[in-house]
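Fold and contact review
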Amino acid sequence: MNAFVRPFLVRLHRWFGLAIALFLFVAGLTGALIAWDHELDAALNPDFYTARSGATPLAPLELAARIEAADPRVQVTYLPLEVEPGHTLQAGVMPRLDPATGQPYALGFSQIAIDPATGAVQGRREWGVPSLARLDLMPFIYRLHYSLFLPVYGGINFGFWVMGVVGIVWAIDSLIALVLAFPNLKSWRKSFVFRVRRGGYPLVFDLHRSGGVWVWGLLLVVAVTSISMNLAVPVVRPLVSLVSPLAETPYTNPEHFPPARPGSQVLPRERIVEIARSAGRDAGIVAPPGALLFAPAMNAYAVGFFTPGNDHGDVGLGNAWLYWNAVTGKPVAAQVPGRGSAGDLFMQAQFPLHSGRVAGVAGRVAVSMLGIVIAMLSVTGVCIWVKKRSARVRAARSARPVVPAASSSRAAR
């Protein structure tokens, strides 16, 4: 490698790594946990997940009506359409407008868990609040992973942008790291070795260099998908659309899905579910309607197709989602895994790859282990920098000329 190029790349790797080390440390550890977010959340909060009664559950649409009747301030916006045996029904809610003030009611919660047989409320929480309480812990970790709880100001989500930029720097730095790990063909084996018996700094160095080399491809995938997860709408989709057309949905192109006109009558949930069953069969979707989502800001209903408990999509490219105009019932968008343009398939793959769910349980195990490796690489990188900086400081001090005492006395006069 050119004598100028390698020192330049070393400096880039050093400063890129230091700039993103803390972010990657947090993202790595939180990512290792949220690969199992439902399982950990259920273990921490059994009363939020396990139904108290064992009686036959009511229909979810009936339960939604009961939720809204019991608390007129509440509007159900996310509703599972099937209930897992022995589990509560967990619905997403948003506040209605207070007629007296014209402002949304202050609910203090956005998720509610009810006994599906009786409709009794077993728990409420505001998903993603900055709280370490047991009920809030896993949503807190999940949100910390992708946004760091940075503010949204002027329509800009600074958490998304910060973590997206970190992903960009990380992807570039991963390419630089690979080049530096193989300075020449003769010494390539060294980049795969761990000097365990040496211990100390040699082992720390090998954990950083060789540890990164062994999983380099996976690290690059996580880095690139993290960009797509955080900056899909402002950056990734516009770039992908330059080479391949992309289908629109209310969430990817909200500017094309305005809210309904004042006074418009929204279709009842029952009607949308009826339409969805027929549309799913016509589209050749094997899974049944699994959840109903209402987005009033975009005048849209969406139905996801999956079996109970599989709302994340446990294998492959995820679940199918179909969208309808909430007032007219006209179909407005569709996301069916494995269908669409090359660009659509690329975008569909981002979350399954990032979460490891593309490979089922094995993929989630791999992502958890990779999260720990990412945290380790961040720590060892900082340790290497501290060690080398200390050595440079000592060398600089040793290189300073010693001024004789007599000369100093004369200079002082």
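Up top is the structure these notes are about.
To start, this report covers the structure provided alongside it. (Residues numbered from 1 in each chain as written. Predicted model: local features only at pLDDT ≥ 70, side-chain atom pairs only at ≥ 80, totals over all residues. Heavy atoms only, no water.)

Brief notes about the pattern of salt bridges
Under the defined criterion, the tally for this structure stands at eleven salt bridges. Measuring nitrogen to oxygen at the nearest pair gives 2.8 Å for the salt bridge that ties R364 to E39. With R364 in helix α12 (residues 360-399) and E39 in helix α2 (residues 37-44), this residue pair connects regions lying 325 residues apart in the sequence. The exposure class of E39 is partly exposed, given its relative accessible area of 40%. A single network of salt bridges, built from pairs that share partners, joins E68, R96 and R269. (Salt bridge = Lys/Arg side-chain N within 4 Å of Asp/Glu carboxyl O. Helix = DSSP H or I, 4+ residues; strand = E, 2+ residues; numbered from the N terminus. Buried < 20%, exposed > 50% of the residue type's maximum accessible area, 1.4 Å probe, protein only.)

Quick word on helix α5 (residues 137-147)
Counting buried positions along α5 yields eight of eleven residues, so the element is predominantly enclosed. Within α5, burial applies to M138, P139, F140, I141, Y142, L144, H145 and S147. Contacts made by the buried residues of α5 are with α1 (5-34), α2, β4 (121-125), α6 (158-181) and α11 (342-355). (Contact = heavy atoms within 4.5 Å.)

Considerations on the sheet that holds strand β1 (residues 74-80)
Strand order in this open sheet of eight strands is β4-β3-β2-β1-β7-β8-β9-β10, and the pairing throughout is antiparallel. Only two strands of the sheet have a single neighbouring strand rather than two, namely β4 and β10 (331-335). For this sheet the average axis-to-axis angle between neighbouring strands, irrespective of direction, equals 25°. Here strand β8 (residues 300-305) runs beside strand β9 (residues 320-325); their pairing, made up of six bridges, is antiparallel. Bridge pairing links A300 to N325 in β9. (Pairing = 2+ DSSP bridges. Axes fitted to C-alpha atoms, helices over the stretch in contact; angles between N-to-C directions.)

Some thoughts on the packing of aromatic side chains
Think of a pair of aromatic rings as described by two things: how far the centres are apart, and how the planes are tilted against each other in angle. Under the defined criterion, the tally for this structure stands at eleven aromatic pairs. Where F140 meets F149, the ring centres are 5.1 Å apart and the plane angle is 25°; that geometry is what we call stacked. With centroids separated by 6.2 Å and ring planes inclined at 75°, the aromatic side chains of Y142 and Y146 adopt a geometry described as edge-to-face. Remark: Y146 and Y142 occur in helix α5; sequence separation between them is four residues, near one turn of the helix. (Phe/Tyr/Trp six-rings, centres within 6.5 Å; stacked < 30°, edge-to-face > 60°.)

Observations concerning unusual backbone geometry
Positive phi, normally seen in glycine, also occurs at L148, with a value near 60°. Even without being glycine, N299 reaches a positive phi, approximately 50°. Structurally, N299 can be placed in the loop between β7 (289-295) and β8.

Examining the pairing of β8
The element β8 is extensively covered by neighbouring structure, given that six of its six residues are classed as buried. Judged by which residues are buried, β8 turns out to be covered on both faces: A300, A302 and G304 on one side and Y301, V303 and F305 on the other are all buried. As defined by bridge partners, β7 adjoins β8 across six bridges and the pair is classed as antiparallel. Across the sheet, residue L292 finds its bridge partner in β8, namely V303. The hairpin formed by β7 and β8 contains four residues between the paired strands, and N299 there has a positive phi angle of roughly 50°.

Focus on helix α7 (residues 200-214)
Between its terminal C-alpha atoms α7 stretches 21 Å, which fits the 21 Å expected from 15 residues at 1.5 Å a residue. Within α7, the axis deviates most sharply at L207, by approximately 25°. Among all positions in α7, only P202, D206, S210, G211, G212 and V213 are buried. Buried residues along α7 sit against α6, α8 (216-230) and α12. (Expected span 1.5 Å × (residues − 1). Bend = angle between axes of the 7 residues up to and from the residue.)

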